[in-house]
Protein chains: 2
Amino acid sequence: MSVAAGGQGEAGGPRLDLAIKVGGAEGISYERFARDLASMMGGAPEAYVPAGGCQAGGGRSNDGLRVVVVHGGSSEANVLGEALGRPQRFITSPSGHVSRRTDRDALEVLMMAVAGKVNKIIVERLQRFGVNAIGLSGMDGRLLVGSRKTAVRYVEDGKTRVLRDDLSGRVEGVNVPLAWGLVTAGCVPVVSPLAISVAGEPLNVDADLCAAAIAGAFRARRLVILSNVPGLLEDPADPRSLIRSIPAQSLASYQRYAVGRMKKKILAAAEALESGVEEVVIGDARVDDPVTQAVNGGGTVIR
Amino acid sequence: MSVAAGGQGEAGGPRLDLAIKVGGAEGISYERFARDLASMMGGAPEAYVPAGGCQAGGGRSNDGLRVVVVHGGSSEANVLGEALGRPQRFITSPSGHVSRRTDRDALEVLMMAVAGKVNKIIVERLQRFGVNAIGLSGMDGRLLVGSRKTAVRYVEDGKTRVLRDDLSGRVEGVNVPLAWGLVTAGCVPVVSPLAISVAGEPLNVDADLCAAAIAGAFRARRLVILSNVPGLLEDPADPRSLIRSIPAQSLASYQRYAVGRMKKKILAAAEALESGVEEVVIGDARVDDPVTQAVNGGGTVIR
């Protein structure tokens, strides 16, 4: 399979088995995540399998399962910003959504924390378990082409103000040939939530929506969104109130249960399902085998 | 061209036109470097050319010139370490060579500064000028497989001591199929000097030697090493004492002119030439058109 051909010729075009978003909140272990994903991809995860590289026959990721991983890292960026005396700032939209104020300085902190540290640590963990992970940001090879939000509305002192220089954006397109070439060559792309605009600007994009865009572009069979909650809860304070199953067509009516970050995950699930993804699982990243549990119906299954 | 095939079937196998190492010292502008490389690759560098992505027909890098860029960033890592109150430490070998003490903490600072900030800023600059750059570290897809230095000798208080836990290493192998698949698909790989060991350990490797290893693995027609000096000088204090041309077979006798970092560049040049690279240019990164000048014989030309 060629990077250039990008899956053309395959019946129905490129198709991922699994797109995974793994969050970076407290209690989440990339080590457990990597061990579990490696074991799902076949072979004893303890034994490191040196592979011929990112090519057919190389890497455990070639055992059939076609996977792309998207990670977060906003908490890591906040910690780095604090340590540098460059604390990250946040703005609240008129609708109450809180987001990062992404000026140039904040963007460079994101590059360091997310594309530098978090991305390479996940790649390292997967490599240790024999998965030939390849870390990329959405800027690289124009993997994720986005549009910059040229007017970001936010509320301050009760007044609505507008930012015109914010470097946050939305993913508009996925470079499927690039990602497909890597996946079919035996790699697992590990993607940082940065995109690039048509004008060549780096953009801070939401990681859950990145994962949805990638899953959608590949009509992935399954999108798994892992974070530090068991899934969508009827009562956010009660883990036992997990909603186990939601029919895709009635997802909208469950939005009322989503608070905070969960709103974005429900939106991501909706976008992925609309793009042809068969099943979305919002699962718990804090368990020993987070991917296996999610794929086996742990968490909230939407289909 | 397929990532998997990796250039097999091409007469003589994969071959790069140009491998470039660009340093990160003061006075070096990635903006000028990117504009110059973009113009060399064809087209007006001012006009951004959105491309179909990392694939045939996408990106100015598809105009024929096959290029890989390797960057440094140790100075950026030192600045970040200081800002974080985690100053980088350096050790001096019995032979007087100074190198970074790469414990786990220093490695994570390198990941952030070099693979995070420097790599993405170079990718951004190239993307702005229409070159479809793809930033990778040597860990990614096992692009650079290295061996860890399991016993690093250094001198302290006049005594020679040994470090057994240092995460520095040497590049032993290049994943040619991966890099070739990307290059022939129209991308310019931009590589951070981190490697991965067969055991899956991330390794801090010398960027000049990385560039030499990549140039050698592809028998590149030319390796250009750009830094903040005009080239190899007879008198390090006198820029006018530039040595313009060195026959490859007598390079060893010029080692005596090399001081400090230049020693590694001469060693890199020697390794590249031994691996079949036709010409190495040690050039000045501080000029307006650093790549063009080096390719046209500016700096010290070794062949």
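Only a predicted model underlies this, so the values are computations on that prediction, with no experimental measurement involved. (Residues numbered from 1 in each chain as written. Chains lettered and ligands numbered in written order. Predicted model: local features only at pLDDT ≥ 70, side-chain atom pairs only at ≥ 80, totals over all residues. Heavy atoms only, no water.)

What follows covers the overall build of chain A. Check the secondary structure of chain A and you find seven helices and 16 strands. Each of the 303 residues in chain A was classed as buried or not, and the buried ones make up 59%. In chain A, of all internal contacts separated by at least 6 residues, the share reaching a separation of at least 24 is 71%. Roughly 11,000 Å² of accessible area belongs to chain A as shown, and the carbon and sulfur atoms make up 49% of that amount. (Helix = DSSP H or I, 4+ residues; strand = E, 2+ residues; numbered from the N terminus. Buried < 20%, exposed > 50% of the residue type's maximum accessible area, 1.4 Å probe, protein only. Contact = heavy atoms within 4.5 Å. Areas by Shrake-Rupley, 256 points an atom, 1.4 Å probe, with all protein chains shown as cover.)

For the rest of this paragraph, the subject is the confidence of the model for chain A. All names here are of chain A. On average, residues of chain A carry a pLDDT of 90, and 89% of them reach 70 or more. Scored below 50 in pLDDT, residues 1-10 makes 31 contacts in the model with residues more than four places away or belonging to other chains. Scored below 50 in pLDDT, residues 44-53 shows 34 contacts in the model against residues more than four places distant or in partner chains. Quick note on the complex model: pTM equals 0.93, ipTM equals 0.92. (pLDDT = per-residue confidence, 0-100.)

So, about the packing of aromatic side chains. One pair of aromatic rings is described through two measures. These are the centre distance and the angle between the planes. Residues and elements named next belong to chain B. As enumerated under the stated definition, the model contains four aromatic pairs over all chains in all. Ring geometry for Trp180 and Phe218: centres 5.9 Å apart, planes at 35°, overall tilted. One end of the pair, Trp180, is in helix α4 (residues 176-184); the other, Phe218, is in the loop between α5 (207-217) and β13 (222-227), and 38 residues separate them in sequence. Given a relative accessible area of 0%, Trp180 falls into the buried group. Among the residues examined, Phe218 registers a relative accessible area of 0% and is labelled buried. (Phe/Tyr/Trp six-rings, centres within 6.5 Å; stacked < 30°, edge-to-face > 60°.)

Before going further, it helps to spend a moment on the nonpolar core. Judged by nonpolar contacts, the single largest core of 92 residues is most densely connected at Ile214(A), Leu223(A), Val280(A), Leu223(B) and Val280(B). Examining the composition of this core, we find that seven residues originate from one element, helix α5 (residues 207-217) of chain A, more than from any other. Counting 37 residues, the second largest nonpolar core, distinct from the first, contains Leu107(A), Met111(A), Val67(B) and Val190(B). (Core = buried A, V, L, I, M, F, W, Y, C linked by side-chain atoms within 4.5 Å.)

Attention now moves to the pairing of strand β15 (residues 279-284) of chain A. Along a regular strand, successive side chains alternate from one face of the sheet to the other. A large share of β15(A) lies buried, amounting to six of its six residues. Going residue by residue along β15(A), you find Glu279(A), Val281(A) and Gly283(A) tucked away on one face and Val280(A), Ile282(A) and Asp284(A) tucked away on the opposite face as well.

Unoccupied space between atoms shows up once a probe the size of one water molecule is rolled over them. Counted according to the given criterion, the structure contains one cavity of 30 Å³ or more. Approximately 30 Å³ is the volume found for the largest cavity. (1 Å grid on protein atoms, 1.4 Å probe; cavity = no way out; pocket = protein on both sides within 12 Å on 5 of 7 lines; lining within 4 Å. Points joined across faces, edges and corners; volume = space filled by probe spheres on them.)

Residues and elements named next belong to chain B. With mixed pairing, the eight strands of this open sheet are ordered in space as β5-β10-β2-β1-β13-β15-β16-β14. This sheet does not close on itself; its edge strands, each paired only once, are β5 (133-137) and β14 (245-246). As paired strands, β13 and strand β15 (residues 279-284) are joined by six bridges and run parallel to one another. The residue of β15 that forms the bridge with Ile225 is Ile282. (Pairing = 2+ DSSP bridges.)

All names here are of chain A. By the criterion of burial, strand β1 (residues 18-22) is predominantly enclosed, with five of the five residues buried. The two faces of β1 match: Leu18, Ile20 and Val22 on one face and Ala19 and Lys21 on the other face are all buried. Pairing analysis gives five bridges linking β1 to strand β2 (residues 67-71), with the strands arranged parallel. The residue of β2 that forms the bridge with Val22 is His71. Sheet analysis places β1 next to strand β13 (residues 222-227), joined by five bridges and oriented parallel.

This brings us to helix α3 (residues 104-128) of chain A. Residue and element names in this part refer to chain A. For α3, with 25 residues, the first-to-last C-alpha span of 34 Å sits near the 36 Å given by 1.5 Å per residue. Considering bend angle alone, the principal kink of α3 is centred on Asn119 and spans about 25°. Phi turns positive, to about 90°, at Gly130, one or two residues after α3. (Expected span 1.5 Å × (residues − 1). Bend = angle between axes of the 7 residues up to and from the residue.)

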